[in-house]
Amino acid sequence: MHIVLGLLTSILTILYLLDRLGVDVGWLNPFAWRRRRAWAEKYEGDPIYAVEDPIHVAAILITGVARLEGDLSAEQKQVVLTQFEQKFSLSPQAARELMTAATHLLGAPQVIETQLNGLADKHKSTFSGEQADSLFEMLLNVASSDGDMSATQHEFVNSLRSRLTIPQPEGTWA
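The structure contained in this document is the topic of the report that follows.

Each value, and the rule that gives it
- Residues numbered from 1 in each chain as written.
- Predicted model: local features only at pLDDT ≥ 70, side-chain atom pairs only at ≥ 80, totals over all residues.
- Heavy atoms only, no water.
- Salt bridge = Lys/Arg side-chain N within 4 Å of Asp/Glu carboxyl O.
- Helix = DSSP H or I, 4+ residues; strand = E, 2+ residues; numbered from the N terminus.
- Buried < 20%, exposed > 50% of the residue type's maximum accessible area, 1.4 Å probe, protein only.
- Core = buried A, V, L, I, M, F, W, Y, C linked by side-chain atoms within 4.5 Å.
- Contact = heavy atoms within 4.5 Å.

1. Regarding the pattern of salt bridges
Okay, step 1: Scanning the model with the defined rule gives 4 salt bridges in all.
Okay, step 2: A salt bridge links E52 to K122; the shortest N-O distance between them is 3.4 Å. Here the residue E52 occupies a position in the loop between α2 (30-44) and α3 (54-67), and K122 occupies one in helix α6 (residues 112-122), the gap between them amounting to 70 residues.
Okay, step 3: Residue classification places K122 among the partly exposed residues on the basis of a relative accessible area of 42%.
Okay, step 4: For E137, the salt bridge goes to K87, with nearest N and O atoms at 2.8 Å. Of this pair, E137 sits in helix α7 (residues 129-143) while K87 sits in helix α4 (residues 74-87), placing them 50 residues apart in sequence.
Okay, step 5: K87 gets classed as partly exposed once you look at its relative accessible area, which sits at 27%.

Here's what the structure looks like:
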């Protein structure tokens, strides 16, 4: 027993001296390690997945479906702003700010579809049935603002419809 106590005392003394010399021994604490790991994942992660408000998620999805084929055209921007003003009951300035924020959160054209799919998977239980119907109506309006929807946009809207059509309680945006 005295050998075990001596060994533990020696280990603790070495760790204490290393800490006093400035060597980081915090990796031994599993709780501190978990906090640091969670913070690093949040800090280094994609900020689009931190969005929680259904209106902001819908704005990202709507702006994203317009950007699936490249940059937004003037017609698409106008349709997006009109949809935000009418459906979300926003002022023109608030609608512009929402579209700017959504555009900023979306990445390069090569990763937009991956981001939108991940966002839809994360928030599939967020929308009520009425909100999902309104979202699809807005998606179709925006996607067809320059003419017919492209194959990529059509495929994305159909996959989003299959993800979000789950029986849910009724609710409105406001």
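Further notes follow.
2. Structural notes on the nonpolar core
Okay, step 1: Counting residues in each nonpolar core, the largest one holds 37 residues, and the members touching the most others are I62 and F84.
Okay, step 2: For this core, the secondary-structure elements that each account for two or more residues are α3, α4, α5 (92-105), α6, α7 and α8 (151-164).
Okay, step 3: Among the elements that line this core, the one with the most residues is α3, at 9 residues.
Okay, step 4: Filtering out sequence-adjacent residues up to four positions away, F84 remains in contact with A59, I62, T63, S89, L90, A95, L98 and M99.

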